[in-house]
Amino acid sequence: MYRLALVLAAGTFAGGCVEPGAEPSLGTTGDAIIGGAPTGTGLYPAIGAIYEGGVICTGTLIAPDAVLSAAHCFQEGAPPPAFTLDHDARGAVTTIAGAAVVMHPMWDIDRPIGDGPQLYYDLAILRLAEPVTGVEPLPIPSAREAATLADGMMVTLVGYGETVDGDPASAGLKVDAEAPIVARSPSELQISNPGEAQNCYGDSGGPAIVDLGEGPRVVGVVSRGATAVPTCDQGGVDTRVDYYQRWIRQQVPAACVGGQACAGGTDPPLPDPDAGLGAEITGGCAAGGRGDGGAAIALVVLAAAVRRRRRAIE
C-alpha cells in the first residue's frame, strides 16, 4: 500500500502575482494515511508534477498549454516552475518550461480559515512555454454536471507525494486512490474520513476526479487539511473547480468544459456572472513583472491556520 502525500507549507506567502526572485526553502512535518497505489502505466495521462529540481506540487493539464493547480503552490519572488507528465519524477525527467503563473486575484494565504469547506480562492494556472501534444487535457465539469456532486460520491485522488512520511526522497511517483466526498460548500469539497485514503504531503494542487456520466472530470484541486491538525489523517479540502469555471475560462479559453469544448465540440456559454462570487471574479495576474524580493519561508512551527496550507518539497 502507498500513501498519497503533499507537503505543508512551512511559511507564509504573499498573494497576487508570481514574479522572478529567490528560491524558497521548505520543510515538512506530519503523518500520512496509507491508502493509495502506484498509478498504472497510461492512466491519468493529463496529471503531472509541478517541477523545480524535484516535485513541488501536482497539477492537471486542462488545455495543451495550461495546468490547473493550487495558488499556494507558487510564490511571489520565484520564476514559474516547469511541468512534467512523466509517471516517475524521481530521476531524470522530461519537462515543459513554465511561462507564467496566474493566481486567482482573491487568493491570500493569510485569509483566516476554519475547519471544513469554506471560501479560500486557492486556485492558480501555470501557463506552459509550449503546448503539450499527444495528451488529451482533462475536462472541467459543466454547471449541470457539477450539480450532481453529492456527499458519499467516490472520487479518484491522483498525486506525486511522499510514500514514506517525512522522507522527501520518496516523493515523485504518480499514485492514486479512491475516497468519498464528505461535505460541500459552493466553493469547496471536503474529501475523505479519518482512516481512509487521502491527500497528504506532495499532492498539493492535484485533482479529485469523478465520472459524472459523460467521462472523467476534474472536480477538485487539493488545497489543505480539513482541520487545524497538521497531520494527514483528518481528510482534506479541495477547491471546487465548477465554482471558478468563469474565471478559469477567462484565463484559458481553450479549457475543456463538460466535454463540449473539446475535440471540436460546441463551447458552452460562460456561467451567469450573477450566479455567485466565484463567477463574478475576473482578471488575475501573471508572472514576469518587477519583483519585491518575495516572501520569506520560515522553517519553524507556525500557527495552525498557516501550517494547514499544503505544498510539496523537493
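How each quantity is defined
Residues numbered from 1 in each chain as written. Predicted model: local features only at pLDDT ≥ 70, side-chain atom pairs only at ≥ 80, totals over all residues. Heavy atoms only, no water. Helix = DSSP H or I, 4+ residues; strand = E, 2+ residues; numbered from the N terminus. Buried < 20%, exposed > 50% of the residue type's maximum accessible area, 1.4 Å probe, protein only. Contact = heavy atoms within 4.5 Å. Pairing = 2+ DSSP bridges. Core = buried A, V, L, I, M, F, W, Y, C linked by side-chain atoms within 4.5 Å. Disulfide = S-S within 2.5 Å. Salt bridge = Lys/Arg side-chain N within 4 Å of Asp/Glu carboxyl O. Phe/Tyr/Trp six-rings, centres within 6.5 Å; stacked < 30°, edge-to-face > 60°.

Can you help me understand the overall build of the protein in this one?
Within the protein, the secondary structure is distributed over four helices and 14 strands. Sorting the 314 residues of the protein into buried and exposed places 56% on the buried side. Looking at the protein alone, contacts between residues at least 24 apart form 77% of all its contacts between residues at least 6 apart.

Help me understand the pairing of strand 4 (residues 55–63) in this model?
Two faces belong to every sheet, and in a regular strand the side chains alternate between them. Burial analysis of strand 4 places nine of its nine residues in the buried class, the great majority of the element. With five bridges connecting them, strand 3 (residues 47–51) and strand 4 associate as antiparallel partners. Each bridged residue has a counterpart across the sheet, and for Gly-48 the counterpart in strand 4 is Gly-59. As consecutive antiparallel partners, strand 3 and strand 4 are separated by three residues, and within that stretch Gly-53 has a phi angle of approximately 80°, a positive value. Two elements, strand 4 and strand 5 (residues 66–69), share three bridges in a ladder whose sense is antiparallel. Note that in strand 5 the partner of Ala-63 across the bridge is Ala-66.

I tried to follow the nonpolar core on my own but got confused; where do I start?
Counting residues in hydrophobic clusters, the biggest one holds 46 residues, and the most contacted among them are Ile-62, Phe-83 and Ile-248. Where this core is concerned, the elements lending two or more residues are strand 3, strand 4, strand 5, strand 7 (98–103), strand 8 (124–128), strand 13 (216–225) and helix 2 (245–251). With five residues, the single largest contributor to this core is strand 4. Residues in contact with Ile-248, not counting those within four places in the same chain, are Ile-62, Leu-68, Leu-123, Ile-125, Ile-140, Val-241 and Ala-255.

Before we go on, may I ask you to explain the environment of Thr-60 in this structure?
Secondary-structure assignment places Thr-60 in strand 4. On a C-alpha basis, the gap between Thr-60 and Ile-50 in space is 9.5 Å, while along the polypeptide they are 10 residues apart.

Is there a simple way to explain the state of the cysteines in this structure?
Two cysteines form a disulfide when their sulfur atoms are joined by a covalent bond. Scanning the entire structure with this criterion turns up one disulfide. The disulfide bridge from Cys-57 ends at Cys-73, spanning 2.2 Å between sulfur atoms. Between Cys-57 and Cys-73, the S-S torsion sits near -95°, and that sign places the bridge as left-handed. With Cys-57 in strand 4 and Cys-73 in the loop between strand 5 and strand 6 (82–84), this pair connects stretches of sequence that are 16 residues apart.

Just to check I follow, could you spell out the pattern of salt bridges for this structure?
Where charged atoms from two side chains of opposite charge approach closely, those side chains can pair. In total, this model carries six salt bridges according to the counting rule given. Asp-151 is the salt-bridge partner of Arg-184, the closest N and O atoms lying 2.8 Å from each other. Taken together, the residues Arg-184 in strand 10 (residues 175–184) and Asp-151 in the loop between helix 1 (143–146) and strand 9 (154–159) connect sequence positions 33 residues apart. What makes Asp-151 partly exposed here is its relative accessible area of 44%. The shortest N-O distance in the salt bridge between Arg-224 and Glu-188 comes to 2.7 Å. Taken together, the residues Arg-224 in strand 13 and Glu-188 in strand 11 (residues 188–191) connect sequence positions 36 residues apart. Like Glu-188, Arg-224 is buried.

How do you make sense of the packing of aromatic side chains when you look at a structure like this?
Any aromatic ring pair is given by two values, namely how distant the centres are and how the planes are angled relative to each other. Under the counting rule described, the total for this entry stands at three aromatic pairs. On the numbers, 6.3 Å between centres and 70° between planes, the contact of Tyr-121 with Tyr-244 is edge-to-face. Of the two residues, Tyr-121 is situated in the loop between strand 7 and strand 8 and Tyr-244 in the loop between strand 14 (236–240) and helix 2; the sequence distance between them amounts to 123 residues. Assessed through its relative accessible area of 3%, Tyr-121 is described here as buried. Among the residues examined, Tyr-244 registers a relative accessible area of 1% and is labelled buried.

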